[in-house]
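Residue-level structural notes
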Amino acid sequence: MASPYVTGEPNRPESYGAANRDIIRVLLKPTVAYFVGLSIAIAMLLWGAWCEYQQLTWGMGVSGYAPPVMWGVYIVTFVFWVGIGHAGTLISAILYLVRSRWRTGVYRASEAMTVFAVLTALLFPVLHLGRAWQAYWFFPYPNQRQLWMNFKSPLMWDVFAISTYFTVSAIFFYIGLMPDIAIFRDHSRGLVKKVYGLLALGWRGTNRQWHHYMAAYGFFAAFAAPLVLSVHSVVSWDFAMAPTAGWHSTIFPPYFVAGAIFSGCAMVISLLLPMTYLFKWEPYVNIWHFENLAKMCLLTSGILTYAYGTEYFIAWYSQNPYEQAIFFWRATGEYAWAFWLMVFCNCVAPLVWYSKKMRTNPVSLFVVAAIINVGMWFERFNIIVSSLAHNFDPATWTYYWPTWIEWGVLIGSAGWFFMWFLLFVKTFPAVAITEIKEMIAAPVKGHLENSR
Amino acid sequence: MSAPAPAAPGVRIKAVYNHLDLLLTGVDRLKRAGFTGWQVQAPCPRHEIEEAVYEGRPSPVRWWTLTGAIVGLTTGFLLTSLTHAQWPMINPGGKPTVAIVPFAVIMFECTILFGSLATFLGMILHCGLPSFFLDKALQDPRVTDESFTIVFTRANPADEGRITELLQKSGAVEVTTGDDTVYEVPNAV
């Protein structure tokens, strides 16, 4: 099914003004469903905050961390949220550079998802520290011992990669929003108008503004495209640079990047499907977009399945006993259920989308996307926890399972993410009005006179 | 409607168009007649307007991008190598004190970060943002809706008649001068 406004089918916006009016509808009084969603998100966040308070009060002992598993749920969830943050920039930057038409309807919400997912991910290194008040040690500054950061450490690379990614994504997101906030400003009054006016920086759509704006937007997209590929590569090096069996692999960067895009696209489906129906965005975001997202998931699911297979092949072909042992144990040991859950969610469940009927069915899209989100969390759990729990010294082998405090913080992080997303979609243009206008034909009278 | 801004030297003239081709006709005729000092407003970026106004001249924002990227690359190299040269005890894995391969990651990230920040700064400066105090004639809410405009904020009063006639004949739906160019409607949802 092609996009209605690309093919000119019935529900194409008739004019620039119609596009404005359709999107501005989200500013109307929120529905009960919206308040229920927002209340659940805030409740989840408060529960997470309570659990974190317990951890700060009593120390890391309340979590399940114990040698040799000193990287647990917090690092798993950090990688999960960073991964979620990848689809937005992929859709907004890479698909912009390749002039993909289907990105227009969904890119703004995906970008918002990216910014809020990275904002969520940024919490986890701090939570993982235990002594959260020493988080400033992350940053490169000469301290009183003159002991600077080790720039040869992948953890230091990660600080740079994630903070750069957050900064660039946030700026890219903001400059994309600016002309649309100006539309909201011109359709509101009083204090709200003043706030939108400030955020739009007085945008008036002059030729001077559009000229430099479009140049800058292109450069941002060109910067963001390699950045998105680099960020999860750097995250993967947090593991691959260590000699730990099951981690020390050169396939990690492409494997992690594919996984990140896979989970991110699934999260876009999970978030936008309900929003589309809740806010009546059907003329702009419809099944055609979701089908394309499902195709992205299918592609990346194939890459992931290949990567899972390659890991086993390398373990066998290298004849390294530690590698062979860890991969054998992952599939047959105490965490086998998590491994097979991951395989089912990431390799098997998405296969239903090879059927066009299934990838154009909202129920199938929502259910499979939710399964993928679960599967991708367990992928990181498998990689991180199983390799540490069965490290080189059998005397230290253990079974790690998160405590209720860790689960609480995980739930709280989801609440934090959904709260920001819900607040955003209700107060800002979550569908890119200006880009929708670019997609529809400009109003013409057929009198073009050109002397040049 | 709030009070119009104090009169600028010269006269304000504004033409509002509902059609892109008519706007381009107006721009073309203004150029042929040799008038300068006008601005075009549009609800979204259109390459036709870009070509008519800038005739292929690129935006200088690209120089900000390049400069920022070079400064970022250099900063990344200096931060990592000088830090390690000052404290050479940190020597994991027998790597050289100044090891380009691991530092390349930091250099890459700094290139992107500084390049992006410089691009943002360049865009803000060249766009003239924040532009809260633009001429009142340019603060027309119809532009963010579906109208195009051509605005003179300081036209030569002697040319007022000629410009007005030219814009009217090009197909503008409304041509106003002086304080009539200020348009504000409380069209809240």
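Not measured: the values here are computed from a predicted model.

What follows concerns the overall build of chain B. Summing up its helical and strand segments, chain B has five helices and four strands in all. Starting at the N terminus and walking to the C terminus, you meet the elements of chain B as β-α-β-α-α-α-β-α-β. Projected onto the principal axes, the alpha-carbon positions of chain B cover approximately 80 × 35 × 35 Å. Across the 189 residues that make up chain B, the buried fraction comes to 42%. Taking as baseline every contact in chain B between residues at least 6 positions apart, the subset at least 24 positions apart corresponds to 82%.

With that settled, consider the pairing of strand S1 (residues 11-17) of chain B. The two faces of the sheet receive side chains in turn, since in a regular strand these alternate between them. All names here are of chain B. In terms of residue burial, S1 counts as a mostly covered element, since seven of its seven residues are buried. Residues of S1 alternate between two faces, with Val11, Ile13, Ala15 and Tyr17 on one and Arg12, Lys14 and Val16 on the opposite face, all of them buried. Inspection of the sheet shows S1 paired to strand S3 (residues 148-155) by six bridges, in the antiparallel sense. Note on S3: the bridge partner recorded for Ala15 is Ile150. With four bridges joining them, S1 and strand S4 (residues 174-177) adopt antiparallel strand pairing. Its bridge partner being in S4, Lys14 is matched across the sheet by Thr176.

Turning our eyes to something else, we now look at the domain arrangement of chain B. Domain parsing of chain B yields domain 1 (11-57 + 130-181) and domain 2 (61-127). Between domain 1 of chain B and domain 2 of chain B, the C-alpha centre-to-centre distance is 44 Å.

We now examine helix H12 (residues 287-318) of chain A. Residues and elements named next belong to chain A. Taking 1.5 Å of rise per residue, 32 residues should cover 46 Å, and H12 covers 46 Å from first to last C-alpha, within 8% of that figure. Residues His289, Phe290, Asn292, Leu293, Ala294, Met296, Cys297, Thr300, Ser301, Leu304, Glu311 and Ala315 constitute the buried set of H12. Among the structural elements, helix H6 (103-121), helix H11 (252-278), helix H13 (321-332), helix H14 (336-348), helix H15 (356-359) and helix H16 (362-389) are those in contact with the buried residues of H12.

As a further point, take the interface of chain A and chain B. With 63 residues of chain A at the contact, the number on the chain B side is 69 residues. With 16 residues, helix H10 (residues 207-240) of chain A is the largest single contributor of residues to the side of chain A that touches chain B. When grouped by side-chain class, the residues that make up the side of chain A that touches chain B number 32 nonpolar, 22 polar and nine charged.

Another point: the packing of H10(A) against helix H3 (residues 61-86) of chain B. Between H10(A) and H3(B), the shortest axis-to-axis distance is 9 Å and the interhelical angle comes to 30°. On the basis of their axis angle, the class for H10(A) and H3(B) is roughly parallel. The element H10(A) and its partner H3(B) pack so that their crossing is right-handed. Of H3(B), the residues touching H10(A) (which contributes A:His212, A:Ala215, A:Ala216 and A:Phe219) are B:Val61, B:Arg62 and B:Thr65.

Conventions and cut-offs
- Residues numbered from 1 in each chain as written.
- Chains lettered and ligands numbered in written order.
- Predicted model: local features only at pLDDT ≥ 70, side-chain atom pairs only at ≥ 80, totals over all residues.
- Helix = DSSP H or I, 4+ residues; strand = E, 2+ residues; numbered from the N terminus.
- Buried ≥ 20, exposed ≤ 12 C-beta atoms within 10 Å, placed from the backbone.
- Contact = placed C-beta atoms within 7 Å.
- Pairing = 2+ DSSP bridges.
- Domains from an automatic or database assignment.
- Expected span 1.5 Å × (residues − 1).
- Nonpolar A, V, L, I, M, F, W, Y, C, P; charged D, E, K, R; others polar.
- Axes fitted to C-alpha atoms, helices over the stretch in contact; angles between N-to-C directions.
- Parallel < 35°, antiparallel > 145°, perpendicular 65-115°, else oblique.
- Left-handed = near helix turned anticlockwise from the far one by under 90°.

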